[in-house]
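# Observations on the model geometry
The lines below spell out each chain.
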Amino acid sequence: MERSVSTTTILNVFKVFVFFQVALFVTLTRGYVISTSSFRLTLFVTVLVLTFLSPAHAEKDLSSFEFFLTILTSTSSFVISESPIIVILILTDSSLISNIQQRFERFLVNRSSSSSTSLVTSNNTVLSELPPDVIYEIVNRLHTFRDFIAAAGVSRTWRSVCLSIGRRPQLPWLMLSETLSTDMRRFFSLCDNNRYQLQLSEVQGKRCWGSRDGWVVTLGPDYETHLLHLIKGVQIALPPLNTIRRLAATEEWFHLVHKFILLKDPSHELSFLVIAIFGPVNRLAFARVAFDRGEGAALNRRGQDEWAIVTNPDNLIFNDVACFKDQIYGLCDNGKLVCLEIDALPEAKVQVIAPGPSEEEIDTLLKLYLVETSENLFGIFRYGFRNPLELRHGTTSFSVYKFDFGASAWKEVIDLEDVAVFVGDGNSWCIPTSTILCRSNCIYFTDDNWEWQRYPGVAYGGHDVGVFNMAQTERVIQRLPFGKNNPLFYSRPIWVTPTLR
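Residues numbered from 1 in each chain as written. Predicted model: local features only at pLDDT ≥ 70, side-chain atom pairs only at ≥ 80, totals over all residues. Heavy atoms only, no water.

The four strands are arranged 8-9-10-11 in an open sheet whose pairing can be described as antiparallel. Two strands bound the open sheet, and with one partner strand each, they are strand 8 (257-264) and strand 11 (308-309). For strand 8 and strand 9 (residues 271-278), the ladder comprises seven bridges, and the chain directions are antiparallel. Directly across from Val257, in strand 9, lies its bridge partner Phe278. (Pairing = 2+ DSSP bridges. Helix = DSSP H or I, 4+ residues; strand = E, 2+ residues; numbered from the N terminus.)

Inspection of every chain in the model, using the stated rule, returns 13 salt bridges. The partner of Asp425 in a salt bridge is Arg207, and the shortest N-O contact between them spans 3.4 Å. With Asp425 in the loop between strand 20 (419-423) and strand 21 (429-432) and Arg207 in strand 4 (residues 207-210), this pair connects stretches of sequence that are 218 residues apart. With a closest N to O distance of 3.3 Å, Arg492 and Asp447 form a salt bridge. On the criterion of sequence distance, the pair formed by Arg492 in the loop between strand 24 (477-478) and strand 25 (494-496) and Asp447 in the loop between strand 22 (442-445) and strand 23 (466-469) is long-range, its members being 45 residues apart. (Salt bridge = Lys/Arg side-chain N within 4 Å of Asp/Glu carboxyl O.)

Neither face of strand 4 is left uncovered, since the one carrying Arg207 and Trp209 and the one carrying Cys208 and Gly210 both have all their residues buried. Between strand 4 and the antiparallel strand that follows it, strand 5 (residues 215-219), lie four residues; Gly214 among them carries a positive phi value of about 90°. (Buried < 20%, exposed > 50% of the residue type's maximum accessible area, 1.4 Å probe, protein only.)

The tendency in soluble globular proteins is for nonpolar side chains to be buried as a group. In this structure, Leu227, Ile244, Phe260, Val274 and Trp307 are the most contacted members of the largest nonpolar core, which totals 29 residues. For this core, the leading source of residues is strand 9, giving four residues. Look past the residues within four positions of Phe260 in its chain and what remains in contact with it is Trp209, Val217, Thr225, Val274, Ile275, Ala276, Trp307, Gly426 and Asn427. Val310, Phe318, Val321 and Val338 belong to the second largest nonpolar core, which has 20 residues in total. (Core = buried A, V, L, I, M, F, W, Y, C linked by side-chain atoms within 4.5 Å. Contact = heavy atoms within 4.5 Å.)

If you walk through the whole model with that rule in mind, you get 21 aromatic pairs. Their ring planes at 45° and their centres at 5.5 Å tell us that Phe398 and Phe445 sit as a pair that is tilted. With Phe398 in strand 18 (residues 392-404) and Phe445 in strand 22, this pair connects stretches of sequence that are 47 residues apart. The exposure class assigned to Phe398 is buried, which follows from its relative accessible area of 1%. Ring geometry for Phe489 and Tyr490: centres 4.9 Å apart, planes at 85°, overall edge-to-face. This pair shows no difference in class: Phe489 is buried, exactly as Tyr490 is. A cation over an aromatic ring shows up here: Arg207 above the ring of Trp450, its NZ or CZ 3.8 Å from the ring centre. (Phe/Tyr/Trp six-rings, centres within 6.5 Å; stacked < 30°, edge-to-face > 60°. Lys NZ or Arg CZ within 6 Å of the ring centre and 35° of its normal.)

A word on the sheet that holds strand 14 (residues 336-341). Neighbouring strands of a sheet are bound in pairs by backbone hydrogen bonds; such pairs are parallel or else antiparallel. A sheet is described by the order of its strands in space; here four strands give the open sequence 12-13-14-15, paired in antiparallel fashion. With partners counted over all chains shown, the strands left at the sheet margins are strand 12 (318-324) and strand 15 (349-354), one partner each. Ignoring which end each strand starts from, the neighbouring axes of this sheet average 30° apart. Looking at chain direction, strand 14 and strand 15 are connected through five bridges and run antiparallel. Residue pairing in the sheet places Glu341 in a bridge with Lys349 of strand 15. (Axes fitted to C-alpha atoms, helices over the stretch in contact; angles between N-to-C directions.)

This is how it looks when you write it as structure tokens:
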């Protein structure tokens with residue numbers, strides 16, 4: 001009896017050794033070098049093989065060898081993409097397993113009838129032939145853009161599924177300030193607190209404004225403006241700024257426009273509406289950008305291929321603009337809510353809806369933002385201090401107000417619940433944290449106060465970046481661990497959203 005147990009133990013050890021050698025071979029043939037990362041990956045493949053060759057699978061019709069080949073070929077694409085988290089997720093997510101277990105088992109049984117040689121010849125065969133509903137269940141549980149890209153690269157079917165899921169809210173990245181003498185731009189991911197690099201020669205030497213749709217607006221010293229898709233690399237020229245320059249002639253190029261805001265055009269699904277808040281008194285202009293140039297040009301609407309100025313007889317100071325339920329709203333002065341009628345005749349006009357909330361803390365008010373969800377329109381009030389000696393600003397707190405359309409008044413909100421808000425240069429937006437890995441009830445902010453940034457070549461500010469916790473027990477500001485960052489006179493950190501769409 002003891003001899004039998006001893007023999008079984010030796011055989012088990014031998015099998016583990018063999019599996020480890022196979023995993024090491026797979027790892028090294030994929031182009032990895034001997035390092036801590038390749039060793040961790042080797043251990044991962046070993047555990048994966050052992051998991052699927054465990055006694056739990058002994059009762060299945062497939063032989064151990066067929067299981068080994070099936071699982072090994074299934075994971076090879078993820079080994080190449082350095083995203084083992086996807087396969088680990090399949091093994092550990094109980095809800096995912098319960099959703100796809102029966103379909104996945106039927107798929108494996110069908111595959112077992114095919115030649116094992118075909119499994120060896122194509123590393124992507126098994127993954128690419130998974131049913132779309134199974135792929136959807138897997139991809140829908142990925143949270144980082146890195147894993148999302150890895151999944152999209154498996155096959156056309158996987159990419160198609162990823163694009164359909166790409167409509168869901170994505171967690172923004174922090175695009176850090178430009179580094180001189182290089183076109184590589186650094187990004188900080190809130191998902192894993194890591195920094196990544198992307199070659200973006202199109203934004204070099206330009207000021208940028210971010211959005212939630214994967215696009216950024218760029219403005220260069222030649223006063224040319226573009227829309228640039230960060231991932232696709234598509235670039236669309238915006239109309240010349242001649243009218244805006246004429247109305248704000250004294251401003252330097254990087255200070256000409258305070259804020260570009262990118263909105264989906266409520267009147268046309270194939271168009272973007274680009275809002276510009278510009279000049280010393282924060283005037284408003286807009287332009288329409290049609291993706292279908294033929295159809296967009298045929299409409300010949302106001303703002304098509306030009307910057308249309310919004311009439312502002314009351315000299316309102318615009319702070320932010322948002323689109324809520326197909327209506328465009330603006331936040332002016334110290335919280336006054338207005339409705340923008342950009343297609344009104346004979347010219348675009350502004351209609352005041354309600355005054356701002358209480359002005360008890362106006363002296364410490366730094367910035368105001370307008371943010372929409374599917375159900376509510378929020379005003380975000382940012383408070384802080386100004387240090388004229390050091391020419392910088394510092395954020396101390398935020399207040400949030402929800403607009404009550406029935407009472408035509410702002411009502412203070414003390415808890416954002418399952419929502420995270422992102423504010424700064426460019427679009428202001430909020431994301432339900434039920435769909436992403438992000439801290440809820442928080443406001444993430446960047447330094448968008450350019451009050452003292454008037455002269456080229458000299459950088460002021462740009463360091464007021466962090467996250468404010470709205471919870472009543474905390475209400476504190478924390479800095480984000482994005483490491484070293486040196487703002488330039490035209491370049492500061494901004495929020496952007498990496499997306500395939």
